[in-house]
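A look at the structure
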Amino acid sequence: MEPSDKPTPPDDLEPELRAVLEALADSDPETIRSVADHADALANWAESRPSDRDDDTYPSGVPERATVSTMAVDGEEYRYYQWREGDEIRSKTERA
């Protein structure tokens, strides 16, 4: 293969991830295949994990990057949202 045939990371990736993939190109084939196997296993895991929410909406004021936990208190189910804003950790709880 010619150097010009080297694959490039997809344009829609975040810049940090693109930089990691570009740096990976300097690794030996065994390392690159090991990373590819891990990425494939990670994608399979992400597709099969259960969702913590019934829908894809977040309450007002809660960013989509928030971590969501479901808990039961006295027979009532609640969703606990937690995220970081700068150096502070924010949270919100709502009845499910």
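What counts, and at which threshold
Residues numbered from 1 in each chain as written. Predicted model: local features only at pLDDT ≥ 70, side-chain atom pairs only at ≥ 80, totals over all residues. Heavy atoms only, no water. Helix = DSSP H or I, 4+ residues; strand = E, 2+ residues; numbered from the N terminus. Rg over C-alpha atoms; globule rule 2.2 N^0.38 Å. Buried < 20%, exposed > 50% of the residue type's maximum accessible area, 1.4 Å probe, protein only. Pairing = 2+ DSSP bridges. Axes fitted to C-alpha atoms, helices over the stretch in contact; angles between N-to-C directions. Salt bridge = Lys/Arg side-chain N within 4 Å of Asp/Glu carboxyl O. Core = buried A, V, L, I, M, F, W, Y, C linked by side-chain atoms within 4.5 Å. Contact = heavy atoms within 4.5 Å.

1. Thoughts on the overall build of the protein
In terms of helices and strands, the protein carries 2 helices and 3 strands. For the protein, the succession of helices and strands along the chain, N to C, is α-α-β-β-β. Relative to the compact-globule value of 12 Å for 96 residues, the protein shows a C-alpha radius of gyration of 20 Å, a clear excess of over 25%. A principal-axis box enclosing the C-alpha atoms of the protein has dimensions of 65 × 30 × 20 Å. Residues counted as buried form 14% of the 96 residues belonging to the protein.

2. Considerations on the sheet that holds strand E2 (residues 76-85)
Across the sheet, which stays open at both edges, the 3 strands sit in the order E1-E2-E3 with antiparallel pairing between neighbours. Edge positions in the sheet fall to strand E1 (67-73) and strand E3 (88-95), since each has one partner strand and no second. Direction aside, neighbouring strands of the sheet carry axes that sit 25 degrees apart on average. Bridge analysis of E2 against E3 gives 8 bridges, and the strand direction is antiparallel. Looking at E3, one finds that Tyr-80 is bridged to Thr-93.

3. Some remarks on the pattern of salt bridges
Enumeration over the complete set of coordinates arrives at 5 salt bridges. Here Arg-90 ties to Glu-85 by a salt bridge, and the two come within 3.3 Å at their closest N and O atoms. Classification of Glu-85 by relative accessible area gives partly exposed; the value is 37%. The residue Arg-90 makes a salt bridge to Glu-88 at a minimum N-O spacing of 3.1 Å. On the accessibility criterion, Arg-90 (34% relative accessible area) is partly exposed. Three or more residues are tied together by salt bridges with common partners; here these are Asp-11, Arg-18 and Glu-22.

4. Here's the deal with the nonpolar core
Within the largest apolar cluster, 6 residues are counted, these being Tyr-58, Val-62, Ala-66, Val-68, Tyr-81 and Trp-83. Aside from chain neighbours lying at most four places away, what touches Val-62 is Tyr-81, Trp-83 and Lys-92.

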